[in-house]
Every structure is written in structure tokens, then in C-alpha cells.
Amino acid sequence: MGDHSVVVAQIAEGQWHALEDDQVVGRGDASRRPDGRIFLSIDSWHGAVFDRLAEVMLADLPKPLYTVVDAADLDLTSSWQRAGFPIRRREWEYLVPTDPQITGLDSVLPPEGVRILPVCAAQQAPLGEMYSAIRDQVQAAVGWDSMPAEVLARPDGTPIFDSLKYAVAAESDRYVGLVRVVPRRRQTRIGLIAVRADLCRRGIARALLAHVLGSLHRLGIDTARAEVDESNGAATALFEGVSARRASSNLELVRR
């Protein structure tokens, strides 16, 4: 296939087709997430088609631009790098056992003065305040855009969350830790676990994880999923400390 024969046309906002002899031989998509970031995807069988789509899309779109690929897909990763997208970060997917006899969390309790409120029991106002505090401390450290794709906030910083998906740790009249539990048809996902910075290293995150995994185990769910940024040493230690194992990884690439 000679790239001179491929014509790229934008067919709708955020959508492009690559055509050869009026046949669709590739598709490109750009989607803006609630936090304002634009993520791209390109589907084609031929490198020349990928390159033509990328060329046209990049000329039309404002930077920075992001994409996420399976780290095992070396060809796709190479195609994006050829288009000027270096790897920004790697996110590991862990399979987390729920059986307390395997995790070693059967006797774990929250520290004195801290209580765990189960999923659906958190109140909207203090949860929103806690979520905003966690977002601020992540933003100050590594940047909120280093969080998993599903952990979102709007461009103005307003958090996007469903309070019915969170278990929380409470101390006195405020929430000091949270964990996001997302039920899925195939496997429940632990989407975020975080503790206020001034209360880290007290065992609150471990107690939250013990509560959530224990609850899933009692429901007959043997394994949960979790995504952890490769650079997040504390989260890596937390999950690997309960016998979670790495199953796969994704790469986030960005062109600035």
C-alpha cells in the first residue's frame, strides 16, 4: 500500500477516516475527557495509514495530546512513538485476592479512633471535602493527571465522583481515607485508595483494603482488579504485600 493513495477525511467532530479507493482502511478518534485532556486512538492495519491519520489529526488538534496502549502491543507503541508521542508513564494492573487467609488481612483493624464506613454509607458533603483534599495533595506531588483514567475531575478542579462507590475511614467528625470500589460484570475494580497526607503510615489504607476485600470475599468474589502507577512505591508495596500479582500493564504516551 502506497501512502500516496490514502486520503484522510474528517467525518465528524473528533472522528477521521482513511480512505483508499473509497474503502475505509483506517479510523482515528479524539475524545475529550471531563478533566479537559484529549485522548487519541487510531485503528489501522498498515503503518502508512496510521502515519497519515496521525499527521492529519495532529495538525487539527491542540496539544497536549494523550493516548493509552497495552504495553504488550509493541507495534502500536512504536507507531505512536513514531508520531512524536514518548512514553510518559506505565500503569500496572494487579489481580488482588480477596481471601483474608491469602492476603493476611484477617486480623487487620483500623488504628485507634478511626472507624471504617462501608460502601454506600458515606455522606456526600464530607466525602466531597475529603476527595478534594486528596486531589490537592496528589496535584501538589505528582499531578492529578497521573491518576488512572477513571479517577477524574473537571478542568476547574471540581471532582467527579459517585458517593455510592466509596468506603471511607472516619476520625472524629471528618473523613481521613477512602477507597473507590467499582463493580464490574467480570471483576470488581479498586479504582482509588488514598489517605490524607498528615495521617499516612498509620495503617489506614491497609485497614480500608482489608475491609473492602473482606466484604468482596463474603459476597463470593475471589479476585478484584487494581491499577497502580509504576512510580507509586507506596501503592505498589500495599498491593504486593497482600499477594496481589501483576497481570498486565498499560502505557500512557503524550505529545506536548
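Look above for the structure.
From a predicted model like this one, the values you see are computed outputs, not experimental measurements.

Here the focus is helix α4 (residues 124-141). Over its 18 residues, α4 runs 26 Å from end to end, which matches the ideal 26 Å to within 8%, given 1.5 Å per residue. Residues of α4 that are buried include every one of Leu127, Gly128, Met130, Tyr131, Ala133, Ile134, Arg135 and Val138, and no others. Contact partners of the buried residues in α4: β8 (166-171), β9 (174-182) and β10 (189-195).

This paragraph deals with the pairing of β10. The buried fraction of β10 amounts to 7 of the 7 residues, a majority that puts the element mostly inside the structure. Looking at chain direction, β9 and β10 are connected through 6 bridges and run antiparallel. Within β10, the residue paired with Gly177 across the bridge is Val195. For the crossover that starts at β10, traverses helix α5 (residues 204-218) and ends in the parallel strand β11 (residues 223-229), the hand is right-handed.

All right, on to the nonpolar core then. Formed by 31 residues in total, the largest nonpolar core has its most connected members in Val96, Val179, Ile190, Ile204, Leu209, Leu213 and Phe239. For this core, the secondary structure elements donating two or more residues are β6 (87-97), β7 (114-117), β8, β9, β10, α5, β11 and α6 (233-240). By residue number, the principal contributor to this core is α5, which donates 8 residues. Excluding anything up to four places from it in sequence, Leu213 contacts Val96, Pro97, Thr98, Thr103, Leu105, Ile190 and Ala224.

What the rule picks out here adds up to 14 salt bridges. Ionic pairing is found between Glu252 and Arg88, a salt bridge with its closest N-O pair at 2.7 Å. A residue pair is termed long-range when its members are at least 10 positions apart, and Glu252 in strand β12 (residues 245-255) and Arg88 in strand β6 qualify at 164 residues. For Glu252, a relative accessible area of 5% puts it in the buried group. Among the ionic pairs, Arg89 bridges to Glu91, the shortest N-O distance being 3.3 Å. Linked by salt bridges that have partners in common, Arg37, Arg88, Arg89, Glu91, Asp229 and Glu252 make up one network.

Below, the discussion takes up the environment of Ser231. Residue placement: Ser231 occurs in the loop between β11 and α6. Judged by relative accessible area, which is 62%, Ser231 ranks as exposed. In this structure the C-alpha to C-alpha distance between Ser231 and Glu91, which are 140 residues apart in sequence, comes to 8.7 Å. A distance of 2.6 Å separates a polar atom in the side chain of Ser231 from a polar atom in the side chain of Asp229.

With an omega of 5°, the peptide bond between Lys63 and Pro64 qualifies as cis. If you check the backbone angles, Asp22 has positive phi at about 65° while not being a glycine. Position of Asp22 relative to the elements: it lies in the loop between β2 (15-20) and β3 (23-32). With relative accessibility at 70%, the residue Asp22 sits in the exposed group. Phi angles above zero are rare outside glycine, and Cys120 is one such case at about 85°. Note that Cys120 resides in the loop between β7 and α4.

The next subject is the sheet that holds strand β5 (residues 65-70). One open sheet holds the 12 strands; their spatial order is β1-β2-β3-β4-β5-β12-β6-β11-β10-β9-β8-β7, and the pairing between them is mixed. Two strands in the sheet have a free side with no partner beyond their single neighbour: β1 (7-12) and β7. Within the sheet, the average angular offset between the axes of one strand and its neighbour, ignoring direction, is 25°. Sheet topology places β8 next to β9; 6 bridges connect them, and they run antiparallel. From the neighbouring strand, Glu171 faces β9, where its bridge partner is Arg174. The sheet contacts of helix α2 (residues 74-82) involve β4 (38-44), β5, β6 and β12, and relative to β5 the element is tilted by about 160°.

What counts and what doesn't
- The residue numbering used here restarts from 1 in each chain and proceeds along that chain's sequence as written.
- Local features in this predicted model are restricted to residues of pLDDT 70 or higher, and side-chain atom pairs are both shown and tallied only at a pLDDT of 80 or more, whereas totals for entire chains, interfaces and linings draw on every residue.
- Side-chain calculation: all heavy atoms of the structure are included, whereas hydrogens and water are not.
- What counts as a helix is a DSSP run of H or I of at least four residues, what counts as a strand is a run of E of at least two, and both are numbered from the N terminus.
- To estimate the expected span of a helix, subtract one from its residue number and multiply by 1.5 Å.
- Note on exposure labels: buried denotes an accessible area under 20% of the residue type's maximum, exposed denotes more than 50%, and partly exposed covers the range between, all computed with a 1.4 Å probe on protein chains only.
- Contacts are residue-level and defined by heavy atoms, with any inter-residue pair within 4.5 Å sufficient.
- Here the rule is simple: two strands pair whenever DSSP picks up at least two bridges between them.
- Whether a crossover is right-handed depends on one test, that the path from the first strand over the helix to the second runs clockwise when the strands point away from the viewer.
- Nonpolar core, defined: a set of buried Ala, Val, Leu, Ile, Met, Phe, Trp, Tyr and Cys residues in which side-chain atoms within 4.5 Å join the residues together.
- Each reported salt bridge corresponds to a side-chain nitrogen of Lys or Arg within 4 Å of a carboxyl oxygen of Asp or Glu.
- N or O atoms closer than or at 3.5 Å make up a polar contact, with two conditions inside protein: a donor-capable atom paired with an acceptor-capable one, and, for residues adjacent in sequence, both atoms drawn from side chains.
- In this description, a line fitted to the C-alpha atoms serves as the axis of each element, helices being fitted only across the stretch in contact, and the angle between N-to-C directions of two axes falls anywhere from 0 to 180 degrees.

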